[in-house]
Amino acid sequence: QVSLVESGGGLVQAGDSLRLSCAASGLTFGNYRMGWFRQAPGKERELVASKRQTTASTYYTDSVKGRFTISGDNAKNIVYLQMNSLKPEDTAVYYCVARLSDGRSDYDYWGQGTQVTVSS
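All figures in this text were calculated on a predicted structure; none of them were measured in a lab.

**Some details on the pattern of salt bridges**
Tallied over the full model, the rule gives 4 salt bridges. With a shortest N-O distance of 3.0 Å, Arg38 and Glu46 are connected by a salt bridge. Classification of Glu46 as partly exposed rests on a relative accessible area of 25%. Between Lys65 and Asp62 there is a salt bridge whose closest N-O contact spans 3.0 Å.

Put into structure tokens, the structure is as follows:
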């Protein structure tokens with residue numbers, strides 16, 4: 001059974017930093033691309049960042065480039081999202097996600113999400 005469990009969300013002020021963590025189990029990191037989606041109230045889900053640790057292939061949505069960094073600890077099966085210079089518009093529920101690294105699959109596996117709230 002695949003399990004993705006997020007942690008690290010909270011309430012911070014604009015300009016602060018947070019690091020989200022995703023503990024993954026039931027999957028082999030080498031076969032998956034890991035990522036982070038977010039969904040703000042009234043908005044569509046947005047892929048924030050993704051990465052395959054085996055190839056160092058990364059993706060960031062334009063709004064977070066230069067501020068967010070996705071990384072992982074392969075030995076521990078943990079994916080991180082370091083978020084710096086947070087803005088109120090970053091407020092959302094952040095979801096850890098995973099998909100097969102075949103260039104065709106959707107993100108089939110989702111965590112329950114962790115709330116990030118950035119005050120001004």
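**Notes on the sheet that holds strand E3 (residues 18–25)**
Taken in spatial order, the 4 strands make up an open sheet running E1-E3-E8-E7, and their pairing is antiparallel. Each having just a single partner strand, strand E1 (3–7) and strand E7 (68–73) make up the two edges of the open sheet. The mean angle between the axes of side-by-side strands here comes to 20°, regardless of whether they run parallel or antiparallel. With 6 bridges connecting them, E7 and strand E8 (residues 78–83) associate as antiparallel partners. Pairing of Gly72 across the sheet is with Val79, part of E8.

**With respect to the packing of aromatic side chains**
We describe a pair of aromatic rings using the distance from one ring centre to the other and the angle between the two ring planes. Within this structure, the stated rule accounts for 4 aromatic pairs. Consider the rings of Tyr95 and Trp110, whose centres lie 5.6 Å apart with planes at 65°: the pair is edge-to-face. Of the two residues, Tyr95 sits in strand E9 (residues 92–100) while Trp110 sits in strand E10 (residues 109–110), which places them 15 residues apart along the sequence. Look at Tyr95 and you get buried, because its relative accessible area is 15%. Here a set of aromatic residues connected by ring pairs shows up, and it is made of Phe37, Tyr95, Tyr107 and Trp110.

**Overview of unusual backbone geometry**
Unusually for a residue other than glycine, Asn77 sits at a positive phi of about 55°. Along the chain, Asn77 falls in the loop between E7 and E8. Judged by its relative accessible area of 19%, Asn77 is buried. Phi at Ser85 takes a positive value of approximately 50°, unusual for a residue other than glycine.

About the criteria used
- Residues numbered from 1 in each chain as written.
- Predicted model: local features only at pLDDT ≥ 70, side-chain atom pairs only at ≥ 80, totals over all residues.
- Heavy atoms only, no water.
- Salt bridge = Lys/Arg side-chain N within 4 Å of Asp/Glu carboxyl O.
- Buried < 20%, exposed > 50% of the residue type's maximum accessible area, 1.4 Å probe, protein only.
- Pairing = 2+ DSSP bridges.
- Helix = DSSP H or I, 4+ residues; strand = E, 2+ residues; numbered from the N terminus.
- Axes fitted to C-alpha atoms, helices over the stretch in contact; angles between N-to-C directions.
- Phe/Tyr/Trp six-rings, centres within 6.5 Å; stacked < 30°, edge-to-face > 60°.

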